[in-house]
Amino acid sequence: MTNKRNDIRNIAIIAHVDHGKTTLVDAMLKQSGIFRANEKVVERVMDSNDLEREKGITIMSKNTAVLYNGVRINIVDTPGHADFGGEVERILKMVDGVLLLVDAFEGPMPQTRFVLRKALNLNLKPIVVINKVDRKEARSPEVIDEIIDLFIELGANDEQLDFPVIYSSARDGYAFLSLDDENKTKDLSPLFDTILSYLPAPPGDKDGSLQLLISSLDYDDYVGRIAIGRVERGTISKGQRAVVCRKDGTIEQIKIGNVHIFNGLKRMEVEKVSAGEIVCITGSQDITIGETICDVDNPEPLPFVDLDEPTISMYFVVNNSPFAGREGIYVTSRHLRNRLFKEIETNLSLRVEETDSPDSFKVSGRGELHLSILIETMRREGYEFQVSKPEVITKVIDDKLCEPIEFLTVDVPEDYMGSVMEKLGARKG
């Protein structure tokens, strides 16, 4: 028997770079009364690291929660870039619907397409938000037609095609249901109401035996590894005995440490949590994404989404040039090794291998952006090292040497076709 938890909604936000996703979440947080009246709130709260703020992109998924009319809406931010695809798949396993945010002038863009395809394949219900409708050049009706075409092209079913549309200005913090209502609403209540009425409540039998699929990881210097996931069945409580069903089929007993739920951008400690809720737990230092925490007497692991494999690799090497030691404070191979192995605790699409030399590590990632973000993050943290040129990872399939390929669609005016072909030719396109 499956009960529904009507006091919870779990939703992921999908948007192209700069379409206003983080600004919308800011406005939702402010209007749900999560912040105190006198609390100073940084703009774009969801983009928590400096690189995300500068590039305007989301790299790691993040969780937040708002309360509206007694319902907790768990909001998960998804990265839009294909290099962070490993993040996306796992995040979508925690939610029952998606908020597709599209710029009223630009329309649906390539990165929305990538995440949306994954969401539609998982049969999640979409709500479309046309943002920046207050722009002079906004063309909302045409953008809706483009979104319908995109849904059809991505194989959406009839129910998914019958999506509700909300128009909004995230910057000014208001939304409305039809273009005629633009001056009637002053807040985001139409958006909140649609989320509650249209999105399904999470299924879950709170009296069943425990099942919690780990979908994301965080790390804290005091408590170590923090596992994040949705309780699919049963109840999990602080201090409870449970088992972890590993990917290799083995089972290990653990004791659950602290249990937290999201409240705004903070974690709130609770004694126990039932099915349907997204939780953070401590208690096992080697638990990893894709493993299931189960009841001791009934260990039933949940199936897991395969992660996208790395496509390129680089060598990270201790700086042995004449200029060594001038830039960073962490310069030894021990520093480099510890930092790289700490990164793979939470960055699951990354692989780090030791080489014959103790000063060199082979690092493989999803793409150039994935690795360049890691390099820049480490540089800002004070690590000094050299990197080799990126190399494409090949593998042998059916006795043939294969390399990763991507299908690319470029829409450009005819005048620019020559330059685009030239750029692609240089990359064997």
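First, a word on scope: everything that follows refers to the structure included in this document. Source: prediction; values computed, not measured.

**With respect to the overall build of the chain**
- Assigned secondary structure in the chain consists of 10 helices and 24 strands.
- By the burial criterion, 50% of the 429 residues in the chain qualify as buried.
- Surface accessibility of the chain: about 21,400 Å² in total, with carbon and sulfur atoms responsible for 49%.

**Here we look at the nonpolar core**
- Among the nonpolar cores identified, the biggest contains 38 residues, and L92, L100, L116, I130, I147 and F151 are the most heavily contacted of them.
- Here the element with the most residues in this core is helix α5 (residues 140-153); it accounts for 5 residues.
- In contact with L100, not counting residues within four places along its chain, are I14, T112, L116, I127, V128, V129, I147 and F151.
- Among the nonpolar cores identified, the runner-up in size contains 27 residues, and A15, V25, M28 and V71 belong to it.

**Some points on the pattern of salt bridges**
- With the rule as written, the count across this model stands at 13 salt bridges.
- Residue K238 pairs with E269 through a salt bridge whose shortest N-O separation is 2.9 Å. Of this pair, K238 sits in the loop between β10 (235-237) and β11 (241-245) while E269 sits in strand β14 (residues 266-270), placing them 31 residues apart in sequence.
- Overall, K238 belongs to the partly exposed group, its relative accessible area being 36%.
- Close ionic contact of R380 with E376 constitutes a salt bridge, the shortest N to O distance being 2.7 Å.

**Quick word on the pairing of strand β6 (residues 165-169)**
- Most of β6 sits inside the fold, with 5 of its 5 residues counted as buried.
- Both faces of β6 are covered, namely the face carrying V165, Y167 and S169 and the face carrying I166 and S168.
- Judged from the 4 bridges that link them, strand β5 (residues 125-131) and β6 form a sheet pairing that is parallel. Bridging across to β6, V129 finds its partner in I166.
- Pairing of β6 with strand β7 (residues 174-176) involves 3 bridges; the strand directions are antiparallel. For Y167, the partnering residue across the bridge sits in β7 and is F176.
- Hairpin connection between β6 and β7: a loop of 4 residues separates the two successive antiparallel strands, and G173 in this loop has a positive phi of roughly 70 degrees.

**Things to note about the packing of aromatic side chains**
- Summed over the entire model, instances satisfying the criterion amount to 4 aromatic pairs.
- Considering the side-chain rings of F316 and F385, the 5.2 Å spacing of their centres and the 10 degrees angle between planes classify their relative orientation as stacked. Taken together, the residues span a long stretch of sequence, with F316 in strand β18 (residues 312-318) and F385 in strand β21 (residues 385-387) at a distance of 69 residues. A single burial state applies to F316 and to F385, both of which are buried.

**Some remarks on the packing of helix α8 (residues 333-346) against helix α9 (residues 368-380)**
- Where α8 contacts α9, the two axes come as close as 12 Å, and the packing angle between them is 130 degrees. Considering the angle they form, α8 stands oblique to α9. Two packed elements cross with a definite hand, and for α8 against α9 that hand is right-handed. On the side of α8, the interface is formed by L336, R339, L340 and E343, while α9 contributes L374, T377 and M378.

**A look at the sheet that holds strand β9 (residues 224-233)**
- The 8 strands lie next to each other as β12-β11-β17-β8-β9-β16-β13-β14, forming an open sheet whose pairing is antiparallel. Single-partner strands in this sheet number two, and they are β12 (251-255) and β14. Averaged over all neighbouring strand pairs, the angle between strand axes comes to 40 degrees, with direction disregarded.
- Across the sheet, α8 touches β8 (211-220) and β9, and the angle it forms with β8 is around 150 degrees.

**Points about the pairing of β12**
- Summarising the sheet, β11 and β12 pair through 5 bridges and their orientation is antiparallel. Each bridged residue has a counterpart across the sheet, and for V243 the counterpart in β12 is Q253.
- Between β11 and β12, which pair antiparallel in sequence order, lie 5 residues; one of them, G249, sits at a positive phi of approximately 95 degrees.

**Here's the deal with the environment of V231**
- Mapped onto the elements of the fold, V231 is located in strand β9.
- Among the residues examined, V231 registers a relative accessible area of 0% and is labelled buried.
- For the pair V231 and L212, spaced 19 residues apart in sequence, the C-alpha separation works out to 4.5 Å.
- With near-sequence residues (within four places) excluded, V231 lies in contact with L210, Q211, L212, I236, V273, S274, A275, G276, E277 and V279.

**Overview of helix α7 (residues 189-198)**
- Most of α7 sits out of view: 7 of its 10 residues are buried.
- Among the residues making up α7, those that are buried are P190, L191, F192, T194, I195, L196 and Y198.

**Considering unusual backbone geometry**
- Positioned with a positive phi, N69 is a non-glycine residue whose angle comes to about 50 degrees.
- For N69, the location among the structural elements is in the loop between β2 (62-68) and β3 (71-77).
- The phi torsion at D399 lies on the positive side, around 65 degrees, for a residue other than glycine.

**Focus on α5**
- Compared with an ideal rise of 1.5 Å per residue, which puts 14 residues at 20 Å, α5 spans 20 Å between its outermost C-alpha atoms and is within 8% of the ideal.
- Along α5, the residues classified as buried are S140, V143, I144, I147, L150 and F151. Down the axis of α5, the buried side of the element spans an arc of 120 degrees, and every buried residue falls inside it. Exposed and facing more than 90 degrees away from the buried side of α5 are D149, I152 and E153.
- Downstream of α5 by one or two residues, G155 has phi in the positive range, about 80 degrees.

So, how was this worked out
Residues numbered from 1 in each chain as written. Predicted model: local features only at pLDDT ≥ 70, side-chain atom pairs only at ≥ 80, totals over all residues. Heavy atoms only, no water. Helix = DSSP H or I, 4+ residues; strand = E, 2+ residues; numbered from the N terminus. Buried < 20%, exposed > 50% of the residue type's maximum accessible area, 1.4 Å probe, protein only. Areas by Shrake-Rupley, 256 points an atom, 1.4 Å probe, with all protein chains shown as cover. Core = buried A, V, L, I, M, F, W, Y, C linked by side-chain atoms within 4.5 Å. Contact = heavy atoms within 4.5 Å. Salt bridge = Lys/Arg side-chain N within 4 Å of Asp/Glu carboxyl O. Pairing = 2+ DSSP bridges. Phe/Tyr/Trp six-rings, centres within 6.5 Å; stacked < 30°, edge-to-face > 60°. Axes fitted to C-alpha atoms, helices over the stretch in contact; angles between N-to-C directions. Parallel < 35°, antiparallel > 145°, perpendicular 65-115°, else oblique. Left-handed = near helix turned anticlockwise from the far one by under 90°. Expected span 1.5 Å × (residues − 1). Arc of directions from axis to C-beta.

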